[in-house]
2 protein chains.
Amino acid sequence: MYRTHTCGELRASHAGQTVTLAGWVNRRRDHGGVAFFDLRDRAGIIQITINPDLPKEMLEQVANVRNEWVLQIEGVVQKRPEGMANPKMETGEIEVIAKTVTVLNPSKTPPFMVNTDNDLPDENMRLKYRYVDLRRERLTRNIVLRHKVIKFMRDYLDTQGFIEIETPIMFKATPEGARDYLVPSRIYPGQFYALPQSPQQLKQLLMVAGMDKYFQIARCFRDEDLRGDRQPEFTQLDLEMSYVHRDDVLALVEGLFTEMIPVVAPNKKLFSSPWPKFSYKEVLERFGTDKPDLRFGMELIDVSEIFAKSEFKVFQSALSAGGVVKCIVAPKSAEMSRKEVDALTESARGLGAKGLATLAIQAEGPKGTAAKFVTVAEVAEVKSKTGAKDGDLILFAADARAIVNKVLGGLRVVLRDKLDLADKTMMAFAWVVDFPFFAFNEETQAWESEHHPFTMPKMDDLQKFDTNPGEVYSDAYDMVCNGYETASGSIRIHRRDIQMKMFQMLGLSDEEIQTKFGHMLEAFEYGAPPHGGMAPGIDRLVMLLADEPNIREVIAFPKNQAGRDVMADAPSEVEPKQLKELHIQIRE
Amino acid sequence: MYRTHTCGELRASHAGQTVTLAGWVNRRRDHGGVAFFDLRDRAGIIQITINPDLPKEMLEQVANVRNEWVLQIEGVVQKRPEGMANPKMETGEIEVIAKTVTVLNPSKTPPFMVNTDNDLPDENMRLKYRYVDLRRERLTRNIVLRHKVIKFMRDYLDTQGFIEIETPIMFKATPEGARDYLVPSRIYPGQFYALPQSPQQLKQLLMVAGMDKYFQIARCFRDEDLRGDRQPEFTQLDLEMSYVHRDDVLALVEGLFTEMIPVVAPNKKLFSSPWPKFSYKEVLERFGTDKPDLRFGMELIDVSEIFAKSEFKVFQSALSAGGVVKCIVAPKSAEMSRKEVDALTESARGLGAKGLATLAIQAEGPKGTAAKFVTVAEVAEVKSKTGAKDGDLILFAADARAIVNKVLGGLRVVLRDKLDLADKTMMAFAWVVDFPFFAFNEETQAWESEHHPFTMPKMDDLQKFDTNPGEVYSDAYDMVCNGYETASGSIRIHRRDIQMKMFQMLGLSDEEIQTKFGHMLEAFEYGAPPHGGMAPGIDRLVMLLADEPNIREVIAFPKNQAGRDVMADAPSEVEPKQLKELHIQIRE
């Protein structure tokens, strides 16, 4: 037997026991002829003491041992001498006095240190040696947290009557907006499987099949352009329910997350329970984005009426063009330097603003770029409407409504980070509902699906399909948290006539509809129940719970930001024979 | 709200309650102006009674309702009248008297009946309408069973300190014997990801990363030729442990299965506990195969010594050529017809035998093809050694040992089915260990890995690598059940020098080794712990537990036997634009 205990489980109650341990040397110290090894395994770290009275050959071997060597230690657990306990270590009250030391495998000096998060090399080096990087306590903790999150989801949904069903990875191209990854078929020359962008069609077919409540921790694949925090493959909690309305789905998911957070991340708190629910319109008006961070205030406030008769040209011209004047109040920021305000103005321009007007509220009268253009009465009204106090800085945007919302919504996030306004222990979940059904693409001059083409429109809006598509709303919903979209879902179309209408609105020809979606339309003719679902993303959720800056920190073997596995070197070239078997060749 | 209860959960205790149900019409009967609908959902079936006193419009709608229509029913639960209870239905004591009937979705007449397993069309028709087929109670039960099996595995391994870790689906070509499915990269022209044949390398790297105990319900992909019961993608319980010897892994897996079977399949019994453990050599000698079905006896018995001086030419020539004479005893088969024996002989020939000798043991003296060539003494000795009784049929094979084992092993299975010898309620698990490390490929005149190239040889055999590869044994092991291999595993190589030696033995050049396995060899230099694991297949296990004849019956959306998804039509042709983006073209 390689070991009787894990390193991390030993406590003072084991004192006197002879144990066998196996693990990695986390740190070695030598002190007056005695060697101390911190031996590490997934469970924790324990101090091994190597006294000079061991056999000579063993001591000679011990002399060579360095960090990350793999050792097996037989020894006796002993309470540390008075005053030598280390309260920072869970095993800090004890040590193991070695009787035998066996080297199971030596290690070269690792490319970076495992026993600290400092001095890490650039990310590609970490990814190349991912099997070393994952040994760091922080990454190990992330991977264990991910396991716990997913385990909780599965257990919870099981008790709610859901069954997990595996759907194929090799399926048919599903036009859901992104590019498909393709898999050439060897048996059918010129034909391809596609990796699923999500199991959307399959989970709907499972509802038609009477599976009632389905979920799956599902791998999804999107061949998108590399930017931001994306991976070619990602994981979502894919779920679908029959005989439900929107609020049934929201209640299920809210229940799951509300029960889960305290269990898997006791250091996190739910910002509010029940979660707030905003319409798409309202959330844009109040937070300037459909992914609001609710952990702090600083809502967008419409002050158009106050400035209806303003002589400030910037406000006047925006209002007379049918636009709005809105503002946000940055607390205790009246003393912000010129340079800081310039930086905010630059951010505003990057978000589409022509400029930024500011009022620094101060006891001796307002300052800032708008100060000399506004009246005392206007300032008083703004203070009254916004609740701004002496010492606050008010930032105004005046333009078309959509631009104003985007600018102030963006500045709100910039100020959150700058002023450290968000409590990092909070998980501020919320629902956003009542999305528009169509979006008009100015470029192609065509209506596009705002969600995906299987989303059910509000039944009352059905008759506006032809007359006024822009006024049709959908039964889609998003779950947001701390400024991220953490899930998206909808009630689905379950009637063939509505689904046909939808495809036709999107400009698909009858032939395209048949080739791509014939099986879905046909399924709806054989007793499809009303159904809906959603799909919380796992990677981002665990990232938020682990306080990590990107999802690569919570994935065991992520691709780098250039979409490569730099450890195994993938993608890579293959044998010409393989391509020939697959009936394809490289296009030069 | 669409429903207050599921159809299947109602019992006599609900009598008097007003309930709302939603589901499919499983069967409609009309009787004296009253319509009876069996309404079905995943939970079960309940009888709905539609009395003629409902509003006229509702009755008109009801008149159209046929099987598989989706209805919402509001009604009152009522005990059935005396003598009308149906004890075959779980809800058979009650019925729901409808107050309102709402058609949620009509259904065309389905392509085959859902409420029976009889009169099913050919499998391709079932697969094309998989969303209809899955509504059959039998298939629904299989999918739920699969969920329960996997849920049990996860829960058990979690309590044993395992963590589930997701490994990439888009990875690097892994040469594990089968062809890889490839995924062309859009971003790196001419380069390809590969779908994993198993997470073998990744799980070993997780051990190097200190993850200690890993598992994953892993999707695996092999582009093999289509024959038998294969799917392009399949699911395995992939697991790996650090600091273990072979028997640690076996104990873990045996514990899991032993606890699982009674919970997930209470109608099944474990044939023996603890499970028998056979060496590869022993299992071939006794059962003629390394995948023995232990649910019945009929072991292969070596009678070479008895016939050492036989004058029966068939036996003589086999023995004098260094071969063996072995037999199996078919119980109560002495009266088998000439035609039946001929069929067995044909089977034997198909398995590689030159012929088949038989002895029908009868009170009046033996009959059969060998009867006139054997002495009374020989018959007596054979009866004594095999325990054959009057009325039994003894089947002999005489040839080289490997051929004899294969022939009798094959006949043993033929006779099992013919004579119905195997108790279908039994799950006869066993271990097969001590496999040869190398297999000599006569065709290529080269040594090949019998398991896979990461399997650890028995340490004592290491020095025979160069001198006598055929005598090297490995730390590989198989789990078998009812004649199937249900899992395969091994202790892995964790030392660079042994792994290098292994690759060199397999004839790989240094450059190939570096390109394909450089990352593994490098990982072994940075503190790789001893480790091992195994990978029980999920599909076949559930198939056995569900008493199904093939794995397609326990997969929600399987490919057909030609590797196609006939429901969505995949693989299929794609847009030329997509291929262009991927830098490939079809080879004409």
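Remarks on the confidence of the model for chain A
Then, in step 1: Averaged over all residues, the pLDDT of chain A is 95; the fraction at 70 or higher stands at 99%.
Then, in step 2: Confidence estimates for the predicted assembly give a pTM of 0.96 and an ipTM of 0.95.

A few points about the environment of A:Cys481
Then, in step 1: As for its position among the elements, A:Cys481 is in strand β21 (residues 476-481).
Then, in step 2: Beyond its immediate chain neighbours, meaning those up to four positions away, A:Cys481 contacts A:Met427, A:Ala428, A:Phe429, A:Thr486 and A:Leu544.

Looking at the nonpolar core
The nonpolar side chains of a soluble globular protein tend to be buried, and buried together.
Then, in step 1: With 54 residues, the main nonpolar core has B:Met153 and B:Phe257 as its most contacted residues.
Then, in step 2: Looking at this core element by element, the count peaks at nine residues for helix α6 (residues 246-264) of chain B.
Then, in step 3: Not counting residues up to four positions away in its chain, the partners in contact with B:Phe257 are B:Met153, B:Trp275, B:Phe429, B:Met479, B:Pro536 and B:Leu541.
Then, in step 4: A:Met260, A:Phe438, A:Cys481 and A:Met543 belong to the second-largest nonpolar core, a separate cluster that totals 53 residues.

Details of the sheet that holds strand β9 (residues 213-221) of chain B
Residues and elements named next belong to chain B.
Then, in step 1: Spatially, the eight strands line up as an open sheet ordered β6-β9-β10-β23-β22-β21-β18-β12, and their pairing is mixed. Sheet topology places β6 (163-164) and β12 (277-279) at the edges, where each strand pairs with a single neighbour.
Then, in step 2: As judged from the three bridges shared by β12 and strand β18 (residues 429-433), these two strands associate in the parallel manner. Following the sheet pairing, Phe278 is matched in β18 by Val432.
Then, in step 3: Running over the sheet, α6 touches β10 (233-242), β12, β18, β21 (476-481), β22 (484-491) and β23 (531-534) and is turned about 165° from β18.

Considerations on the packing of aromatic side chains
Residue and element names in this part refer to chain B.
Then, in step 1: Summed over all chains, the structure comprises 50 aromatic pairs over all chains.
Then, in step 2: With centroids separated by 5.7 Å and ring planes inclined at 90°, the aromatic side chains of Phe307 and Phe396 adopt a geometry described as edge-to-face. Placement of the pair is Phe307 in the loop between β13 (301-302) and α8 (313-320) and Phe396 in strand β16 (residues 393-399), with a sequence separation of 89 residues.
Then, in step 3: Note on Phe396: relative accessible area 2%, which makes it buried.

Observations regarding the pattern of salt bridges
Then, in step 1: For the structure on display, the rule yields 126 salt bridges over all chains.
Then, in step 2: Close ionic contact of B:Arg219 with B:Glu233 constitutes a salt bridge, the shortest N to O distance being 2.8 Å. Placement of B:Arg219 in strand β9 and of B:Glu233 in strand β10 is noted, with a sequence separation of 14 residues between them.
Then, in step 3: Exposure remark for B:Glu233: the relative accessible area of 8% places this residue in the buried category.
Then, in step 4: Between B:Asp417 and B:Arg416 there is a salt bridge, with the nearest N and O atoms lying 2.9 Å from each other.
Then, in step 5: What makes B:Asp417 exposed here is its relative accessible area of 53%.
Then, in step 6: The buried category is assigned to B:Arg416, whose relative accessible area is 13%.
Then, in step 7: Put simply, A:Asp117, A:Arg126, A:Arg130, A:Asp133, A:Arg136 and A:Glu553 are held in one network by salt bridges that share partners.

Considering the interface of chain B and chain A
Many authors give the size of an interface as the accessible area that is lost as the parts come together.
Then, in step 1: On the side of chain A, 124 residues touch chain B, which itself brings 124 residues to the contact.
Then, in step 2: Together, the buried faces of chain B and chain A total about 11300 Å²; carbon and sulfur atoms form 58% of this surface.
Then, in step 3: The largest per-residue losses of area from chain B upon contact with chain A belong to B:Tyr243, B:Tyr526 and B:Arg587, which jointly make up 8% of the total buried on that side.
Then, in step 4: In this structure, A:Arg219 engages B:Glu166 in a salt bridge whose closest nitrogen and oxygen atoms are separated by 3.6 Å.
Then, in step 5: For the interface between chain B and chain A, the tally reads 69 residue pairs in polar contact (both at pLDDT 80 or more).
Then, in step 6: Among the elements that make up the side of chain B that touches chain A, the one with the highest residue count is helix α4 (residues 137-159) of chain B (ten residues).
Then, in step 7: Of the residues contributing to the side of chain B that touches chain A, the split by class is 64 nonpolar, 24 polar and 36 charged.
Then, in step 8: As judged from the three bridges shared by strand β24 (residues 584-586) of chain A and strand β24 (residues 584-586) of chain B, these two strands associate in the antiparallel manner. Bridge pairing in β24(B) links A:Gln585 to B:Gln585.

The rules behind these values
Residues numbered from 1 in each chain as written. Chains lettered and ligands numbered in written order. Predicted model: local features only at pLDDT ≥ 70, side-chain atom pairs only at ≥ 80, totals over all residues. Heavy atoms only, no water. pLDDT = per-residue confidence, 0-100. Helix = DSSP H or I, 4+ residues; strand = E, 2+ residues; numbered from the N terminus. Contact = heavy atoms within 4.5 Å. Core = buried A, V, L, I, M, F, W, Y, C linked by side-chain atoms within 4.5 Å. Buried < 20%, exposed > 50% of the residue type's maximum accessible area, 1.4 Å probe, protein only. Pairing = 2+ DSSP bridges. Axes fitted to C-alpha atoms, helices over the stretch in contact; angles between N-to-C directions. Phe/Tyr/Trp six-rings, centres within 6.5 Å; stacked < 30°, edge-to-face > 60°. Salt bridge = Lys/Arg side-chain N within 4 Å of Asp/Glu carboxyl O. Buried area = accessible area lost by both parts, 1.4 Å probe. Polar contact = N/O pair within 3.5 Å; in protein donor to acceptor, adjacent residues only side chain to side chain. Nonpolar A, V, L, I, M, F, W, Y, C, P; charged D, E, K, R; others polar.

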